[in-house]
Structure formats: structure tokens, C-alpha cells
Amino acid sequence: MTIETVGVIGAGQMGSGIAHVLALAGYRVTLMDVDAERVRAAIAKIGSNMERQVARGKIGDEEQKLALSRIRATTNLPEIGVSDLVIEAATEKEAVKQKIFDDLAPHLKPMTILTSNTSSLSITRLAGRTQQPERFMGLHFMNPVPVMQLVELIRGIATSRETFEAVRAVVERLGKTAVVAEDFPAFIVNRILIPMINEAVYTLYEGVGSVFDIDQSMKLGANHPMGPLELADFIGLDTCLAIMNVLHEGLADSKYRPCPLLVKYVEAGWLGRKVARGFYDYRGDTPVPSR
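It should be emphasised that the depicted structure is a prediction, and the values quoted were computed from it without experimental measurement.

Chemist: Honestly, the environment of Val 263 in this entry has me stumped. Any pointers?
Modeler: Note on placement: Val 263 falls in helix H11 (residues 260–267). Separated by 25 residues in the primary sequence, Val 263 and Asp 238 have C-alpha atoms spaced 8.5 Å apart. Ignoring any residue separated from it by four or fewer positions in sequence, one finds Val 263 in contact with Leu 241 and Pro 258.

Chemist: Can you walk me through the domain arrangement of the protein in this structure?
Modeler: Accessible area lost upon the coming together of the parts is a frequently used measure of interface size. The domains assigned to the protein are domain 1 (5–182) and domain 2 (190–289). At the interface, eight residues of domain 1 touch five residues of domain 2. Sorting the residues of domain 1 by area buried against domain 2 places Glu 92, Ser 119 and Ser 120 first, and these three jointly supply 55% of that buried surface. Summed over the shared surface of domain 1 and domain 2, the number is zero salt bridges. Seen at the junction of domain 1 and domain 2, the total is one residue pair in polar contact (both at pLDDT 80 or more). Tallied by class, the residues present in the side of domain 1 that touches domain 2 amount to two nonpolar, five polar and one charged.

Chemist: Just checking my understanding: could you explain the packing of helix H7 (residues 189–205) against H11 for this structure?
Modeler: Helix-helix packing is described using two parameters, namely the angle between the two axes and the distance between the axes. Where H7 meets H11, the closest approach of the two axes is 8 Å, and the angle between their N-to-C directions is 95 degrees. Taken as axis vectors, H7 and H11 run roughly perpendicular relative to one another. For the pair H7 and H11, contact is made by Asn 198, Val 201, Tyr 202, Leu 204 and Tyr 205 and by Pro 260, Leu 261 and Leu 262, respectively.

Chemist: Just checking my understanding: could you explain the pattern of salt bridges for this structure?
Modeler: For side chains bearing opposite charge, pairing can occur when the charged atoms are close. If you walk through the whole model with that rule in mind, you get 18 salt bridges. Arg 38 is the salt-bridge partner of Asp 33, the closest N and O atoms lying 2.8 Å from each other. When its relative accessible area of 6% is taken as the criterion, Asp 33 is described as buried. Residue Lys 97 is joined to Glu 92 by a salt bridge in which the shortest nitrogen-to-oxygen separation is 3.7 Å. By relative accessible area, Glu 92 is classed as buried at 16%. When salt bridges that share partners are traced, they join Asp 33, Asp 35 and Arg 38 into one network.

Chemist: Help me out: how do you make sense of the UniProt feature "binding site: NAD(+)" (unreviewed entry) in the protein in this one?
Modeler: The UniProt record annotates "binding site: NAD(+)" (unreviewed entry) at Gly 10, Ala 11, Gly 12, Gln 13, Met 14, Gly 15, Asp 33, Glu 92, Lys 97, Ser 119, Asn 143 and Lys 274. Of the residues examined, Gln 13 reaches a relative accessible area of 38% and is grouped as partly exposed. In contact with Gln 13, other than residues within four places in its own chain, are Lys 45, Asn 143 and Phe 234. Topologically, Asp 33 is positioned in the loop between strand E2 (28–32) and helix H2 (36–55). Residue contacts for Asp 33: discarding those within four places in its chain leaves Gly 10, Ala 11, Gly 12, Arg 38, Val 39, Thr 74 and Thr 75. Looking at Asp 33, its side chain comes within polar contact range of the main-chain nitrogen of Asp 35, at 2.9 Å.

Chemist: When you look at the sheet that holds strand E4 (residues 85–88) in this model, what are you seeing that I'm missing?
Modeler: The strands making up a sheet associate through hydrogen bonds between their backbones, and the pairing can be parallel or antiparallel. Taken in spatial order, the eight strands line up as E3-E2-E1-E4-E5-E6-E7-E8 in an open sheet, and their pairing is mixed. Strands with a single pairing partner mark the edges of an open sheet, and in this sheet they are strand E3 (71–74) and strand E8 (177–181). Between one strand and the next, the sheet's axes are offset by a mean angle of 25 degrees, whatever the strand orientation. Taken together, the four bridges between strand E1 (residues 5–9) and E4 define a ladder with parallel strand orientation. Bridged to Val 8 within E4 is Ile 87.

Chemist: Would you take a moment to explain the side chain of Glu 94 for this structure?
Modeler: Locating Glu 94 in the fold gives a position in helix H4 (residues 94–104). Of the residues examined, Glu 94 reaches a relative accessible area of 18% and is grouped as buried. Setting aside its immediate chain neighbours within four residues, Glu 94 contacts Leu 121, Arg 125 and Leu 126.

So, how was this worked out
Residues numbered from 1 in each chain as written. Predicted model: local features only at pLDDT ≥ 70, side-chain atom pairs only at ≥ 80, totals over all residues. Heavy atoms only, no water. Helix = DSSP H or I, 4+ residues; strand = E, 2+ residues; numbered from the N terminus. Contact = heavy atoms within 4.5 Å. Domains from an automatic or database assignment. Buried area = accessible area lost by both parts, 1.4 Å probe. Salt bridge = Lys/Arg side-chain N within 4 Å of Asp/Glu carboxyl O. Polar contact = N/O pair within 3.5 Å; in protein donor to acceptor, adjacent residues only side chain to side chain. Nonpolar A, V, L, I, M, F, W, Y, C, P; charged D, E, K, R; others polar. Axes fitted to C-alpha atoms, helices over the stretch in contact; angles between N-to-C directions. Parallel < 35°, antiparallel > 145°, perpendicular 65-115°, else oblique. Buried < 20%, exposed > 50% of the residue type's maximum accessible area, 1.4 Å probe, protein only. UniProt positions renumbered as here; feature names shortened; annotations may be inferred. Pairing = 2+ DSSP bridges.

Quick look at the structure:
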């Protein structure tokens with residue numbers, strides 16, 4: 001299973017980052033999104049991020065030019081079907097992901113490998129909607145993709161060994177480190193990380209500490225590079241809530257109950273950095289706690 005062409009579905013923060021690292025590793029990439037403006041913005045962002053890498057001496061000018069030349073943008077989903085590998089990086093909603101795979105099915109090559117960058121959903125269940133579940137698995141990159149070293153590999157119950165090894169070879173070619181997670185809700189990283197963030201929100205909700213004090217406590221007391229509430233804003237509060245709901249529903253354990261305050265922030269549309277308001281307000285020159 002030689003992989004040379006990769007289709008990435010979704011041109012948001014994750015999809016653009018995945019396309020970035022694939023192109024630098026020599027893969028020919030088709031980046032697809034239904035929103036043409038989002039695709040244009042993603043290509044521009046990839047270019048500016050590579051410029052920063054050049055400025056820091058991480059890559060050379062020629063390497064950047066070649067990488068950018070390997071990325072093609074489209075809003076037409078069927079064009080993704082000719083790829084050797086497809087990486088779905090759409091929003092963390094199962095119905096959206098299922099529809100993407102349903103719509104893509106008639107256009108796939110017989111040997112195309114399908115993967116999802118889902119951070120929490122059942123790989124086995126997603127694979128069950130496809131025609132070749134043995135050629136489907138989870139490929140979960142961390143955010144921001146060009147910076148973070150880790151990738152989680154998740155096999156569904158039907159994933160073949162050949163599929164798994166082919167996808168692991170891609171991760172190795174990217175120069176990243178793979179860990180293997182079993183197909184349980186939220187896998188490894190988010191099974192540990194998101195409940196910690198949820199507990200930080202409970203700490204705020206119950207008045208144990210302020211936004212500032214909670215984040216300072218974890219940065220200076222636990223040596224975390226970013227406080228949990230600041231990190232929640234970076235991830236997106238809607239994504240944090242979606243993962244907590246997957247854990248709560250999938251494991252049926254009350255310890256995974258989403259904090260009511262997290263629910264309220266999402267209901268208010270205060271989703272974090274991407275909308276300039278979350279646990280911090282980012283509309284000024286310096287972020288300030290919003291509560």
C-alpha cells in the first residue's frame with residue numbers, strides 16, 4: 001500500500017495543519033472544504049506558517065516553494081476520491097462525518113484508505129458506514145499540527161493490519177511519533193486531558209478560584225505551559241463539550257458529566273479564541289478573564 005497522494009477534508013485549523021505537514025513530507029495533497037473562502041484562507045495560512053518556518057531556519061526557501069506547489073484546493077468532494085489516503089478533518093459531529101463518508105463512497109478508488117481525525121468518536125462505528133471497514137482507521141493529529149509531535153493511531157474492530165501499517169508509515173514519514181490507542185471514547189490524550197479541563201471549569205463554577213488563579217495555579221504549580229481554561233479556549237469550548245458528552249454517553253460514568261458552566265458558555269456562543277470570547281475575552285490588545 002504505497003501512499004503518495006492524500007486528500008484532506010476540512011480546511012479549518014486541523015485540516016490546514018495536516019495539509020501543511022503532508023506537503024512538507026513530499027505528499028501531493030488535495031485540500032477540500034465546502035466553503036471556498038475557508039479553503040483560500042487555509043492556503044494563505046499554510047503559506048504564512050511556512051514563511052515563519054523559513055525565518056526560523058526550520059525549512060529552506062526551495063523546500064517551502066516545493067511544498068506549496070504540492071497542495072491543491074477544491075470545494076468538490078468527489079475529487080478527493082482519487083487519493084491513496086483520505087483524512088477527514090471536519091467538525092467533531094458524527095452525523096457530519098458519516099455524511100461525508102456516504103457522499104464520498106461512490107468516488108473512491110478500490111484501494112483508498114479512509115481515516116478520520118476525530119478526537120473522540122468510535123472508529124468502529126464510523127467504519128461501519130463505509131463499504132470497506134477494513135480500510136478505515138483513526139488518525140488523530142494534535143493541535144497545532146506543524147508543532148505537535150504526537151499522532152494517535154486507532155484501529156476499528158475491522159481495520160486490517162495492512163491498513164494500519166500503511167498509515168503508520170505515513171506518520172513516520174512526517175517525522176512524528178505514533179502511539180496506538182484502543183477504540184474507546186476519546187482514546188488516550190483526550191480521555192485524560194478533557195476531563196482535567198472539565199474539572200477546572202467545575203473549580204471556576206463552584207467559586208474555588210478565579211479564571212486567572214486557576215490557570216496560574218496549574219502553570220506555576222504543575223508546570224503546565226498553558227492553564228486549563230486558556231487551553232480550553234485554544235481547543236474550542238464546543239469541542240471540549242462534545243468530547244465530554246462522548247465520554248459521558250460512551251462510558252456511562254457520572255465523573256464525566258460536563259460542567260453546567262461549560263454548557264452555558266457554549267450556549268452563549270463563547271467558544272474561545274476562534275470567536276474572540278471564551279473564558280478569556282480576546283477582543284482587546286491583551287486577553288482578560290471574562291468571568
